[in-house]
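An overview of the molecular structure
Read off the chains here:
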Amino acid sequence: MTARRDLLSLTRSTGAAASLFIKDIGQGLLVVSHNTLALVGLAVVAVLLTFASQAELRQQLEGQARGWLHARQEARNIADGNTLIGNEEPDAIARATAVDPKDLPRQQAAIAQWVARRYKVAPEPISRLVQEAYAVGQRARVEPTLILAIMAIESAFNPFAQSTVGAQGLMQVMTQVHNDKYEAFGGNFAAFDPITNMRVGVQVLKECIQRAGTVEEGLRYYVGAANLPDEGNYTSRVLAMQEQLKAVAAGRPVPARPASTPMAVPKLPSGPATVEDERVAQLH
């Protein structure tokens, strides 16, 4: 009996000890886990405080992450044959010389549509040129139809035209001679911006008309034939085109026969007697 009681007592003691051991281990693990979570929380808070206090570092890391993601996406798209990825330029439309003809007054819209059909060009860029011709013509007190007629005869509305003597752009201005006029637009390359070329060309035209006294004689100066007996019917061609444009603006029917694209009209050399009139490009 004594042995049995001792065995039972030992069993109970062993169970109590084991229970106490397990309980201590559990409490220890609980304390450790709480401390670990606290450390992780502190680490997260520290990182957040670091990012919040150092905006530049945060932006740099965000930029690097975006760049890495963009590079991966670009590589995938290029592999799929999409070469436009990476070349997007949402602001490119700001450089476009174009306007919807529907946004123009009736007369201007009619001219734009007629010119577009005749010269086989898109109506949107022509509409912008017509719009500017009316605006700059009003400022310079030059008829907009005359400005447009000169562009038609000089370049057939090709903003990149160049004559054999170096006259450039829509209105075939002698860029190298009139470089002072292009300074306000950033330099001579602005001659190939249609709007800039028109503005400079109208200034040159106005100077020619003022110097000659009449539109007809001013056109002779403009083409560089002021002191020549023959100016190749330049004046008559410009004035005839102007009359057609006026008729279109007035709503009269004018056949829009597609015109063959002419070469840029060369500025004619003059005789040696009056070097100052050699060509319109020498007007200052």
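Quick caveat, the model's predicted, so the values are computed rather than measured.

**A word on the overall build of the protein**
Helix and strand counts for the protein come out as 9 helices and 2 strands. Start at the N end of the protein and walk to the C end: the helices and strands fall as α-α-α-α-α-β-β-α-α-α-α. Relative to its 284 residues, the protein shows a buried fraction of 35%. Accessible area for the protein stands at about 17,100 Å²; split by element, carbon and sulfur atoms hold 59% of it.

**Digging into the confidence of the model for the protein**
Mean pLDDT over the protein works out to 79, with 66% of the residues at or above the 70 mark. Counted against residues more than four places away or in other chains, residues 268-284, with its pLDDT under 50, gives 55 contacts.

**Things to note about the pattern of salt bridges**
This structure, assessed with the given rule, holds 7 salt bridges. We note a salt bridge from Lys 246 to Glu 143, for which the minimum N-O separation is 3.4 Å. Separated by 103 residues along the polypeptide, Lys 246 in helix H9 (residues 234-249) and Glu 143 in the loop between helix H4 (123-140) and helix H5 (144-155) bring together distant segments of the chain. Given the relative accessible area of 31%, Lys 246 is considered partly exposed. Ionic pairing is found between Glu 217 and Arg 220, a salt bridge with its closest N-O pair at 3.9 Å. With Glu 217 and Arg 220 both in helix H8 (residues 215-222), this residue pair falls 3 residues apart, about one helical turn. Residue Arg 220 is classed as buried on the basis of its relative accessible area of 15%. Connected via shared salt-bridge partners are Arg 128, Glu 132, Arg 139 and Arg 199.

**Some words on the packing of helix H7 (residues 194-212) against H8**
At a closest axis distance of 7 Å, the pairing of H7 and H8 adopts a crossing angle of 125 degrees. What the angle tells us is that H7 and H8 run oblique. Crossing angle aside, the handedness with which H7 passes H8 is right-handed. Together, Gly 201, Val 204, Leu 205, Cys 208, Ile 209, Arg 211 and Ala 212 of H7 and Val 215, Glu 217, Gly 218, Leu 219, Tyr 221 and Tyr 222 of H8 make up the contact between the two elements. Residue composition of the contact of H7 with H8, grouped by class: 9 nonpolar, 2 polar and 2 charged.

**Considering H8**
Those residues of H8 that fall on the buried side of the exposure criterion are Gly 218, Leu 219, Arg 220, Tyr 221 and Tyr 222. Check the buried side of H8 and you find it contacts H5, strand S2 (173-174), H7 and H9. Looking one or two residues beyond H8, the residue adopting positive phi is Gly 224, at roughly 85 degrees.

Calculation criteria
Residues numbered from 1 in each chain as written. Predicted model: local features only at pLDDT ≥ 70, side-chain atom pairs only at ≥ 80, totals over all residues. Heavy atoms only, no water. Helix = DSSP H or I, 4+ residues; strand = E, 2+ residues; numbered from the N terminus. Buried < 20%, exposed > 50% of the residue type's maximum accessible area, 1.4 Å probe, protein only. Areas by Shrake-Rupley, 256 points an atom, 1.4 Å probe, with all protein chains shown as cover. pLDDT = per-residue confidence, 0-100. Contact = heavy atoms within 4.5 Å. Salt bridge = Lys/Arg side-chain N within 4 Å of Asp/Glu carboxyl O. Axes fitted to C-alpha atoms, helices over the stretch in contact; angles between N-to-C directions. Parallel < 35°, antiparallel > 145°, perpendicular 65-115°, else oblique. Left-handed = near helix turned anticlockwise from the far one by under 90°. Nonpolar A, V, L, I, M, F, W, Y, C, P; charged D, E, K, R; others polar.

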